[in-house]
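Geometric and topological summary
Okay, here's what each chain looks like letter by letter:
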Amino acid sequence: MPSPGVPVTSKILYGGDYNPEQWPRDVWEADYAAFGKAAIDTVTLGVFAWSYLQPDEETYDFDRLDAIVQRAVDGGKRVVLATATGAMPPWLAHRYPEVCRTDFEGRRHVYGQRHNHCPSSPAFRRLSAALAERIAERYAGTPGLVAWHVGNEYGGACYCDLCAAGFRDWLRARYGTLERLNDAWNATFWSHLFTDWEQVVPPNALSEHWRGPDHTAFQGITLDYLRFMSEAMLANYRDEKVAIRRHDPTTPVTTNFMGLFRPIDYHRWAADLDFASWDNYPPGPREHARMALAHDLMRGLKDGQPFWVMEQTPTITASRDVNPLKRPGVLRLWSWQAVAHGADAVLYFQMRQSKGACEKYHGAVLDHAGRTDTRAFREVAALGAELEALGDAVLGARTPARVALLFDWDSWWAAEITDGFNRHVKYPAVVLGYYRALWQAGAQVDVVPVTADLSRYDVVVAPALHVVKGDVAARLEDVVARGGSVLASFWSGRVDEDDNAFLADVPGPLAPLLGLRVEETDSAAPGVANPVTLRMPDAGGAGGSEQVDPDPVVSDAELVFEVVVPQGAEVVGTYGAEFYAGTPAVTRHRPHGGDGGEAWYVATGLDDTGLAWVVRHLLDRHGLVGPYAAYDDVELAVRERPGADGGVERTTFVLNHGLDAVDVPAHAAGVDLLTGRHVAAGEPLHLEPTDVVVLRED
Ligand code: GAL
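Conventions we followed
Residues numbered from 1 in each chain as written. Predicted model: local features only at pLDDT ≥ 70, side-chain atom pairs only at ≥ 80, totals over all residues. Heavy atoms only, no water. Buried < 20%, exposed > 50% of the residue type's maximum accessible area, 1.4 Å probe, protein only. Helix = DSSP H or I, 4+ residues; strand = E, 2+ residues; numbered from the N terminus. Pairing = 2+ DSSP bridges. Core = buried A, V, L, I, M, F, W, Y, C linked by side-chain atoms within 4.5 Å. Contact = heavy atoms within 4.5 Å. Salt bridge = Lys/Arg side-chain N within 4 Å of Asp/Glu carboxyl O. Axes fitted to C-alpha atoms, helices over the stretch in contact; angles between N-to-C directions. Domains from an automatic or database assignment. Near = heavy atom within 4 Å. Polar contact = N/O pair within 3.5 Å; in protein donor to acceptor, adjacent residues only side chain to side chain. Nonpolar A, V, L, I, M, F, W, Y, C, P; charged D, E, K, R; others polar. Right-handed = clockwise from strand over helix to strand, strands pointing away. Phe/Tyr/Trp six-rings, centres within 6.5 Å; stacked < 30°, edge-to-face > 60°. Left-handed = near helix turned anticlockwise from the far one by under 90°. Expected span 1.5 Å × (residues − 1).

Some words on the pairing of strand β1 (residues 13–18)
The side chains of a regular strand alternate between both faces of the sheet. Burial analysis of β1 places 6 of its 6 residues in the buried class, the great majority of the element. Inspection of the sheet shows β1 paired to strand β9 (residues 343–349) by 5 bridges, in the parallel sense. Residue pairing across strands places Asp17 opposite Phe349, the latter belonging to β9. Pairing of β1 with strand β2 (residues 42–45), which is carried by 4 bridges, proceeds in the parallel orientation.

Given below as structure tokens:
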């Protein structure tokens, strides 16, 4: 059956996690009165309801959830109904100790916390599916039911005997024979030839690891365990989805992801979700590019289909050492940023503050006193009114990206568990560096898996594509053959899907495209810079017609310094220090001469100045530098959908993330959907800090 896709609604949904089982009925009434004041139309119910829905294995008791759901229905709310398996009840662990995880150190845990079931536990699988089935049976067809929310924030890992057995089964299915397994793991190294599947054990502190999860003697084993764990949890999600589908064939099913989250390969999960949703809790107050990257990554999971923000806090989180407030206007700005990047729902954790336990001070729409005259509530209500006024204006609209950024969990895992380079380099930080440069230049970017169709993009950026698998090298070559641009960075093309080095020059299958070989890789501690001078190759020397860049730019490169030998590529940047001073740090290859496109390589950790310079040259070739590229903190994001007249209906979001007001000339004429004001092209747009303009272009 085809996926139902993202829920069909008449406006951007607004509301969030609501757990009224923590307080008496009269408080519910006050809550709903407040929801009305804030135009809150959606509640997510039952995420942590397991222990009251099923007090023991033989007993289900739906009275409380019935009342909670009924109150939402009576209030005319849309309901996102959870399968209640985000946290296990105590009896489950007591009766079946196997449901508790065995940690990386090999310690079997006892009951406590949440998100911590063993994914291989037969008891967990049976009882979670049974609960999901009961819930689906009972609540399918509930008026306003808009989505099913399976589990909660899957993640982590287990190393128990059941998982060990599951790992062996998974390996048998993947490799078929021990010969193939031993080859994949390069098992002749350190005398690891396995002669019986039973000899395989999970890689952890008791076996292959030292100094923690990233230090392993056998990357192949650890990489496979990461893949296995991600798939074992996917099987848990599937158990529940199958149970739901027995009673409800059409309501969209999802689970809440976490953006750039290492333990789960969201690309491998994506096909099983009807739509993507994620929880946006940025680690700091000035993370606008990182949030944009995460939104684009989540949108890329379902080929550009709109996604949901399932959770964000109205004010503070509670789990960090320091939990600063969102400043006035920031909640609104970040919510519009999500919509600008393709969100068709903006939901909170949580509607009312928990009464006790570790999240009792976590931010909420309503505080413990239930006040509606707080700054937080006023901001929530003002945003609710805006979203209501916007109606269906951007629902379903897509991002018209001409730039793709490749994101790859295998490369993330393989690079970060690798010895020999620089442990200070983190895959998401490398990706974010490139993304930020694209974002600041105003490019619309799809963040996609390496299997994505690249034929629709002018520019494809592949940061730290450590693992080169499938036909990605050929597809990148195609981009350049038809005139497009490819940008790759250090650490790319090192290993195959098994994490074994290519028996060839680095960057392996990418070498012909990039026109170079990497001979050595130097590393330095953070803060040790090597100045890289960037200058476009002389037009004459390059055989092209481009202008010579009159002013070279100097970028402080850090952490990784590959020593590059060009094999057809032109030199764009050179190192300024060390024994490789004067050798290439950035190159450009035009394998088809003037007829085709360009393949750039950045062999070192350029700083933001250097990355911006490189990225803008690439974007410029295709006219993709945005109109506000000169303004550091002004973001432009675009959504398009078919218009009534057969044309394209284009809505552009202009967001000021800066700390100062700014005046920019409007990039187009249109109506600001938030104010109704018509703006002429070129007319000054005044944006106070956190201001947003939603321009329906004429
Ligand atoms: C999320 C989680 C919620 C709540 C929230 C607090 O990760 O799904 O249940 O704990 O964090 O920030």
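What about the nonpolar core?
Trp185, Trp336, Leu406 and Val614 are the most contacted members of the largest nonpolar core, which totals 206 residues. Setting aside chain neighbours within four positions, we find Trp336 in contact with Leu383, Glu386, Leu387, Leu390, Phe653, Leu655, Leu674, Val692 and Val694. The next biggest cluster of nonpolar side chains, apart from the first, holds 13 residues, and it includes Tyr628, Val654, Val664 and Leu687.

Things to note about the pattern of salt bridges
Tallied over the full model, the rule gives 54 salt bridges. In this structure, the salt-bridge partner of Glu231 is Arg268, at a minimum N-O distance of 4.0 Å. On the criterion of sequence distance, the pair formed by Glu231 in helix α8 (residues 219–245) and Arg268 in helix α9 (residues 266–269) is long-range, its members being 37 residues apart. Under the relative-accessibility criterion, Arg268 is labelled partly exposed at 29%. Across the pair Arg588 and Glu570 runs a salt bridge, and its minimum N-O distance is 3.0 Å.

Describing the sheet that holds strand β25 (residues 678–679)
Here 5 strands make up an open sheet; going across it, the order is β21-β22-β27-β24-β25 and the pairing antiparallel. Of all the strands in the sheet, the pair left with one neighbour each is β21 (634–642) and β25. Two strands pair when backbone bridges link them, and β21 and strand β22 (residues 648–656) are joined in this way by 9 bridges, in the antiparallel orientation. Within β22, the residue paired with Ala637 across the bridge is Phe653. Seen against the sheet, helix α11 (residues 330–340) touches β21, β22 and β27 (692–697) and runs at an angle of roughly 150 degrees to β22.

Here we look at the domain arrangement of the chain
A common measure of how large an interface is: the accessible area buried when the components associate. Here the chain is described as being made up of domain 1 (13–157 + 226–390), domain 2 (161–223), domain 3 (403–621) and domain 4 (634–697). Using C-alpha coordinates to define each centre, domain 2 is positioned 54 Å away from domain 4.

Here we look at the site of the ligand
The immediate surroundings of the ligand are formed by Phe48, Arg114, Asn152, Glu153, Asn256, Asp279, Tyr281, Glu311, Phe349, Glu359 and His362. His362 is positioned with one of its side-chain polar atoms (N or O) 2.7 Å from an oxygen atom of the ligand. Per-class residue counts for the shell around the ligand are 3 nonpolar, 3 polar and 5 charged.

Quick word on the pairing of β9
Most of β9 is tucked away, with 7 of its 7 residues classed as buried. In this fold, the crossover linking strand β8 (residues 307–311) to β9 by way of α11 has right-handed handedness.

Focus: α11
Because each turn of an α-helix spans 3.6 residues, side chains separated by three or four positions end up pointing in the same direction. Counting buried positions along α11 yields 11 of 11 residues, so the element is predominantly enclosed. Following α11 by one or two positions, Gly342 has its phi on the positive side, about 120 degrees.

Focus: the packing of aromatic side chains
Going through the model one piece at a time under the given rule, you end up with 39 aromatic pairs. Aromatic pair Tyr225 and Phe228: ring centres 5.4 Å apart, planes at 50 degrees, arrangement tilted. Of this pair, Tyr225 and Phe228 both sit in helix α8, separated by 3 residues, roughly a single helical turn. On the numbers, 6.4 Å between centres and 35 degrees between planes, the contact of Trp336 with Phe653 is tilted. Taken as a pair, Trp336 in helix α11 and Phe653 in strand β22 lie far apart in primary sequence, 317 residues in all. In this structure, Trp336 and Phe653 share a single accessibility class: buried.

Structural notes on the sheet that holds β9
Strand order in this open sheet of 9 strands is β5-β4-β3-β2-β1-β9-β8-β7-β6, and the pairing throughout is parallel. A strand with exactly one partner marks an edge of an open sheet, and here the two such strands are β5 (253–254) and β6 (256–257). Of the strands in this sheet, β2 and β3 (78–82) are in contact with helix α3 (residues 63–74), which crosses β2 at around 170 degrees. Strands β3 and β4 (145–149) of the sheet are contacted by helix α5 (residues 122–139), whose axis makes an angle of about 175 degrees with β4.

A look at the packing of helix α10 (residues 288–301) against α11
Relative orientation of the contacting elements α10 and α11 amounts to 35 degrees, with a least axis distance of 9 Å. Judged by the sense of rotation from one axis to the other, the crossing of α10 with α11 is right-handed. Residue-level contacts link His288, Met291, Ala292 and His295 of α10 to Trp334, Gln337 and Ala338 of α11. Its residues assigned to classes, the contact of α10 with α11 comprises 4 nonpolar, 3 polar and no charged.

What to know about the environment of Thr177
Structurally, Thr177 can be placed in the loop between α6 (161–175) and α7 (178–184). Here Thr177 falls in the partly exposed class, since its relative accessible area comes to 36%. Here the alpha-carbon distance between Thr177 and Trp197, two residues 20 residues apart in the chain, equals 9.2 Å. A polar contact of 3.1 Å, which involves the side chain of Thr177, links it to the backbone nitrogen of Arg180.

Overview of the side chain of Thr651
By secondary structure assignment, the location of Thr651 is in strand β22. Within polar-contact distance, the side chain of Thr651 engages the side chain of Arg696 at 3.2 Å. Apart from residues no more than four positions distant in its own chain, Thr651 is found in contact with Val394, Ala637, Val638, Arg639, Leu673, Val694, Leu695 and Arg696.

Quick notes on α5
Under the 1.5 Å per step criterion, the end-to-end length of α5 is 26 Å for 18 residues, consistent within 8% with the ideal 26 Å. Among all positions in α5, only Ala123, Phe124, Leu127, Ser128, Ala129, Leu131, Ala132, Ile135, Ala136 and Tyr139 are buried. Each element contacted by the buried residues of α5 is listed here: α2 (50–53), α3, β3, α4 (90–95), β4 and α8. Positive phi shows up at Gly141, right after α5, with a value of about 85 degrees.

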